[in-house]
Amino acid sequence: MCASLDQTDGDGDRERELLGRDSRATMFDGLLLSPLSISADELRERANRVPAVLLGEHIFNGDFHHVAIDNVAAAREATNHLHALGRRRIAAIGDQPYSTGETAQLRTIGYRQALERAGLAVDESLVVPTPRFHRHLGARAMEQLLALPEPPDAVFCYNDLLAIGAMHAVARAGLRVPEDVAVIGVDGIQEGEYSSPTLTTIAPDKAHIARLAVRTLAGIIEGTASSPSEARAPYRLLIRGSTVAE
């Protein structure tokens, strides 16, 4: 058995090309794919050509085997961490209220649940959507939040790149992280270990995700896998300088 791992860089054509291959005519038996551009309908049309397990951000309503963290629970934990530090105007950067923004929507649910359970009202002006999870969009969203009559004292960013951009905007405004604005991200990327300050983050267990995805794919190829399932992987809160001063 041979499984293929291929870098698509979010290019829709590359994703379609990989899914369009007939496994009987290629040198691999299965595919682990983190789809960023391809639609659910395209996945349904093409996925029967090669056994596949989906990873990462997008969720496709239980039609495919998918491995990811519990995004609602992770967002609750991130928001609870900020609240436990005494922060009360907690913003969120990264909501994506459209069809391919399922993961962001789940993180918004977790954020809202945490605030409600803490007895804090959800201020809609503190929830800033972004079309992508990029640094410059995090910076732009942070600038928007800092321009409010009552700026936030903490920000939950839906990934680490947004958080790094947000911290850049805070520093550019002459404010301090975490003293003036605490910042937390999601992903546990290495860049966060070397940012200034270092970035507090929700870090998925990537090794566990890889093992679970390969095991699931092997089951599909061997015919022992059950119907499509949403497998949950663990994560942990890494507390660093962006929320607790070092």
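Please read these numbers as outputs of a predicted model, since none were measured by experiment. Within every chain, residues take consecutive numbers counted from 1 along the sequence as written. Totals for whole chains, interfaces and linings use all residues, but because this is a predicted model, local features are given only for residues with pLDDT of at least 70 and pairs of side-chain atoms are given and counted only at 80 or more. In computing side-chain properties, one takes all heavy atoms of the structure into account and sets aside hydrogens as well as water.

1. Concerning the side chain of Thr79
Phase 1 of the analysis: A helix here means a DSSP run of H or I that spans at least four residues, while a strand means a run of E at least two residues long, and both kinds are numbered starting from the N terminus. Residue position: Thr79 is located in helix H3 (residues 71–84).
Phase 2 of the analysis: What makes two residues a contact is simply this: any of their non-hydrogen atoms within 4.5 Å. Setting aside residues up to four positions removed in sequence, Thr79 forms contacts with Ile90, Tyr111, Ala114, Leu115 and Phe156.

2. Topic: the sheet that holds strand E5 (residues 90–95)
Two modes of strand pairing occur in sheets, parallel and antiparallel, and in both the strands are linked by backbone hydrogen bonds.
Phase 1 of the analysis: Any two strands with at least two DSSP-identified bridges between them are counted as paired. Ordered in space as E6-E5-E7-E8-E9-E11, the six strands form an open sheet in which the pairing is mixed. Every other strand in the sheet has two partners, leaving strand E6 (127–129) and strand E11 (235–238) as the edge strands with one partner each. Each strand of the sheet is rotated relative to its neighbour by a mean of 15°, with strand direction disregarded.
Phase 2 of the analysis: In terms of strand pairing, E5 meets strand E7 (residues 154–157) through four bridges, oriented parallel. Working convention: axes come from line fits to C-alpha atoms, limited for helices to the stretch in contact. Angles between N-to-C directions cover 0 to 180 degrees.

3. What to know about the nonpolar core
Phase 1 of the analysis: Here, nonpolar core means buried Ala, Val, Leu, Ile, Met, Phe, Trp, Tyr and Cys residues that are tied together by side-chain atoms lying within 4.5 Å of each other. Each residue is placed in one exposure class: buried if its accessible area under a 1.4 Å probe, protein chains only, is under 20% of its type's maximum, exposed if it is over 50%, and partly exposed if it falls in between. Ile93, Tyr111, Met142 and Phe156 are the most contacted members of the largest nonpolar core, which totals 43 residues.
Phase 2 of the analysis: Elements with a contribution of two residues or more to this core: H3, E5, helix H4 (102–117), E6, helix H5 (135–146), E7, helix H6 (160–172) and strand E8 (182–186).
Phase 3 of the analysis: Ranked by size, the runner-up nonpolar core spans 10 residues in total, among them Leu32, Leu212, Ala213 and Leu217.

4. Digging into the pattern of salt bridges
Phase 1 of the analysis: Just to be clear on terms, a salt bridge is a Lys or Arg side-chain nitrogen sitting within 4 Å of an Asp or Glu carboxyl oxygen. Summed over all chains, the structure comprises six salt bridges.
Phase 2 of the analysis: Here Arg176 and Asp180 are joined by a salt bridge, their closest N and O atoms 3.5 Å apart.
Phase 3 of the analysis: The class of Arg176 is partly exposed, set by a relative accessible area of 48%.
Phase 4 of the analysis: The partly exposed category is assigned to Asp180, whose relative accessible area is 29%.
Phase 5 of the analysis: Residue Arg232 is joined to Glu230 by a salt bridge in which the shortest nitrogen-to-oxygen separation is 3.7 Å.

5. As for H3
Phase 1 of the analysis: Multiplying 1.5 Å by the helix residue count minus one yields the expected span of that helix. Between its first and last C-alpha atoms H3 spans 20 Å; for 14 residues at 1.5 Å apiece the expected length is 20 Å, and the two agree.
Phase 2 of the analysis: What qualifies as a polar contact is a pair of N or O atoms within 3.5 Å, subject to a donor-acceptor requirement within protein and to the restriction that residues adjacent in sequence count only when both atoms come from side chains. N-capping of H3 is provided by Asp70, with a side-chain oxygen placed 3.2 Å from the backbone N of Val72.
Phase 3 of the analysis: A positive phi of about 95° marks Gly86, the residue just after H3.

6. Considerations on the pairing of strand E4 (residues 66–69)
Phase 1 of the analysis: A two-sided burial pattern is seen for E4, the buried positions comprising His66 and Ala68 on one face and Val67 and Ile69 on the other.
Phase 2 of the analysis: Both strand E3 (residues 52–55) and E4 contribute to a ladder of two bridges, which runs parallel. Residue pairing in the sheet places Leu55 in a bridge with Val67 of E4.

7. Looking at the environment of Gly94
Phase 1 of the analysis: When you line up the elements, Gly94 lands in strand E5.
Phase 2 of the analysis: Distance in space between the C-alpha atoms of Gly94 and Leu137 is 8.7 Å, their sequence separation being 43 residues.

8. A closer look at the environment of Ser227
Phase 1 of the analysis: Structurally, Ser227 can be placed in the loop between helix H8 (206–222) and strand E10 (230–233).
Phase 2 of the analysis: Looking at Ser227, the relative accessible area reads 53%, which means it is exposed.
Phase 3 of the analysis: Spatially, the C-alpha atom of Ser227 lies 8.3 Å from that of Phe64, the residues being 163 residues apart in sequence.

9. Some details on the packing of H3 against H4
Phase 1 of the analysis: Look at H3 against H4: their axes get within 7 Å of each other, and the N-to-C directions meet at 45°. The angle between the axes of H3 and H4 places the two elements in the oblique class. In terms of crossing hand, the pair formed by H3 and H4 is right-handed. Of H4, the residues touching H3 (which contributes Asn71, Val72, Ala75, Arg76, Thr79 and Asn80) are Thr103, Leu106, Arg107, Ile109, Gly110, Tyr111, Gln113, Ala114, Leu115 and Arg117. For classification, angles of less than 35 degrees are called roughly parallel, those exceeding 145 degrees roughly antiparallel, those between 65 and 115 degrees roughly perpendicular, and all remaining angles oblique. Each crossing gets its hand from how the near helix is turned against the far one by less than a right angle, where anticlockwise is left-handed and clockwise is right-handed.

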